[in-house]
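Understanding the architecture of this molecule
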Amino acid sequence: MPLSLRQTVCLSAVLGLCVLLALPGGHTGLDGDARFTLVVFILATYTWIATSVDDTYVALGAGLALTATGVISSETLFATLGDETVWLLICAFVLAAAVSKTGLAGRAAAWLVGGAGTVRQLTHLTTAGLVVTAFAVPATSGRAALALPVFLALAKALADRKRLVVMLALLFPTVILLSAVATLIGAGAHLITVGVLWEQTGEQLSFVTWLILGLPLAVVSSHLAAELVLLTTTRRADRTGPVRITTAQIQEHSDAPVSGPLTPPEARCLLLLGTVVLLWCSEPLHGVSPAVVALIGAVVAASPALGTVGLKDGLRTVPWPLLLFMAATMAMGIALSESGAADWLVGWVPGGASTPPWLFLAGVVVISTAAHLALQSRSARSSVLVPLVVAAAMSAGVNPVAAAFASTAAAGFCHTLPASAKPVALFADLPGTPTYTPRDLLRLSALLAPLTAALVLLFALAVWPLLGVPAHLETQP
């Protein structure tokens, strides 16, 4: 397909930059490995932004190029796939498949929304339920698929109140995306962030640490966003009328019973899920790795006697391309760090150690919030931004954990266009059900983007220091 003038100019600029970097000499402090790593990084980033080539294919190609040229060893490349965070995600998907098969989600939905008597109650009860799903279903697209039947049931019950249906169509993906930061398994980008921090700083963000930092932000941002969605898509008259969602209406969209006593498989699955989450949250007490806990849970969930899903069926739900993407981009992060390329890039950032932490973090949050306009993949955004943010933070005297977490949290905003995120696209086109228009989405994002950025910055400067993660590196205990 012929390139447009703009595409030709951009490609020429990128290739010209790569040629300059590849030429020896003229790059103080850059050896051959660092120059080649920068070339691979720039080409991969350009391909992610400007082409339709699969993200995973690009990442694997970049990892292979770095390995074949000796920048990183083959052991380093393949070891990333065996990282315990990758195993945590695999096992979490098997557990999620077990939960989905039992129909517990339908019961939870009926229990939650059945208690709503007003539109505002329905909005915030739905929000609370969606936040909780971050602990049961990894990946935002999986949570969106699980929540879709619940939305369809609510849309049918509110069919005569079109504005409320549009409001819910915006509410579901908005909360799913913003609440992902609550837990380490909420998005693959989180695992990339943890890997980069470990490789570049030696800091290990545990499941509990992520929970302590992310859950308050997820709850506050989700409920503020819910209120914003409600106010921007409905009128006062729409919000004053009572609502009544019956169990029978939810049941129409669920194959499993949503009321009555729990069936034995549901009871076993609920007990297993509760035990796994409890063990994850109590890691400092027993010292068992979250990945090991998840593996135990997955084995039990797929066991012939106690399980509710076959192991083969559970493994089919695992997003293997995402895991390969994570492994390859972790290898890219290692190459950027060990070759000195990341430090060289950071040297071009103005300010350095003289930059106040609040100003540095504000820049990180703004760039990360806007990054979805160029990089649609949430994992790709973290793969590009986090290694540079961590290196720049250490040079500026900012706590790299606070900077990386702020970048990852801010990058969770991706609501501008239907194509910006899979949950947004899923709820944008539902045959037979009224949903939002691109104009509705733009109106919401114009208000939600600054709100999200300001909230992340507030947490980074005022809340996370109280939780043990200060903004300034020198004050870290």
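To be clear, the structure that these remarks concern was listed above.
Below or above, wherever it landed, is the structure these notes cover. The structure presented is a predicted model; accordingly, all values stated were derived computationally and were not measured.

To continue, consider the overall build of the protein. Per the secondary structure count, the protein includes 24 helices and 0 strands. Projected onto its principal axes, the C-alpha coordinates of the protein cover approximately 75 × 55 × 50 Å. The buried share of the protein, reckoned over its 477 residues, is 53%. The long-range share in the protein, meaning contacts at least 24 apart out of those at least 6 apart in sequence, stands at 79%. When the accessible area of the protein is evaluated, it comes to approximately 20200 Å², of which 68% is carbon and sulfur surface. Taking the average location of the 22 positive side-chain charges in the protein and that of its 22 negative ones, the two points are 17 Å from each other.

Let us look at helix H14 (residues 264-281). For H14, with 18 residues, the first-to-last C-alpha span of 26 Å sits near the 26 Å given by 1.5 Å per residue. All of the buried residues in H14 are Glu266, Cys269, Leu272, Leu273, Val276, Val277 and Trp280. Along H14, the residues classed as buried sweep out an arc of 135° about the axis, all on the same side. Within H14, the exposed residues directed more than 90 degrees away from the buried face are Pro264, Leu271 and Leu278. Structurally, H14 contributes buried residues whose contacts are with helix H5 (84-102), helix H6 (104-113), helix H11 (207-233), helix H15 (283-286) and helix H16 (290-301).

What follows is about the nonpolar core. Counting residues in hydrophobic clusters, the biggest one holds 106 residues, and the most contacted among them are Trp48, Ile72, Leu217, Trp280, Met326, Phe360 and Trp464. Once you skip the residues sitting within four places of it in the chain, tryptophan 464 turns out to touch Leu213, Leu217, Ala402, Phe405, Ala406, Val456, Phe459 and Val469. Residues Val113, Leu171, Cys414 and Phe427 belong to the second largest nonpolar core, which totals 47 residues.

Turning our eyes to something else, we now look at the layout of surface pockets. In this structure, the largest pocket occupies an estimated 1100 Å³ of space. Taken together, 44 residues form the lining of the largest pocket, with Thr140, Ser141, Leu322, Ser377 and Lys422 sitting closest to its centre. The set of elements that each furnish at least two residues to the lining of the largest pocket consists of helix H2 (32-50), helix H3 (55-68), H5, helix H8 (140-157), helix H18 (320-339), helix H21 (378-396) and helix H23 (422-428).

Definitions and cut-offs
- Residues numbered from 1 in each chain as written.
- Predicted model: local features only at pLDDT ≥ 70, side-chain atom pairs only at ≥ 80, totals over all residues.
- Heavy atoms only, no water.
- Helix = DSSP H or I, 4+ residues; strand = E, 2+ residues; numbered from the N terminus.
- Buried < 20%, exposed > 50% of the residue type's maximum accessible area, 1.4 Å probe, protein only.
- Contact = heavy atoms within 4.5 Å.
- Areas by Shrake-Rupley, 256 points an atom, 1.4 Å probe, with all protein chains shown as cover.
- Lys, Arg positive; Asp, Glu negative; His and termini not counted.
- Charge placed at Lys NZ, Arg CZ, Asp CG, Glu CD.
- Expected span 1.5 Å × (residues − 1).
- Arc of directions from axis to C-beta.
- Core = buried A, V, L, I, M, F, W, Y, C linked by side-chain atoms within 4.5 Å.
- 1 Å grid on protein atoms, 1.4 Å probe; cavity = no way out; pocket = protein on both sides within 12 Å on 5 of 7 lines; lining within 4 Å.
- Points joined across faces, edges and corners; volume = space filled by probe spheres on them.

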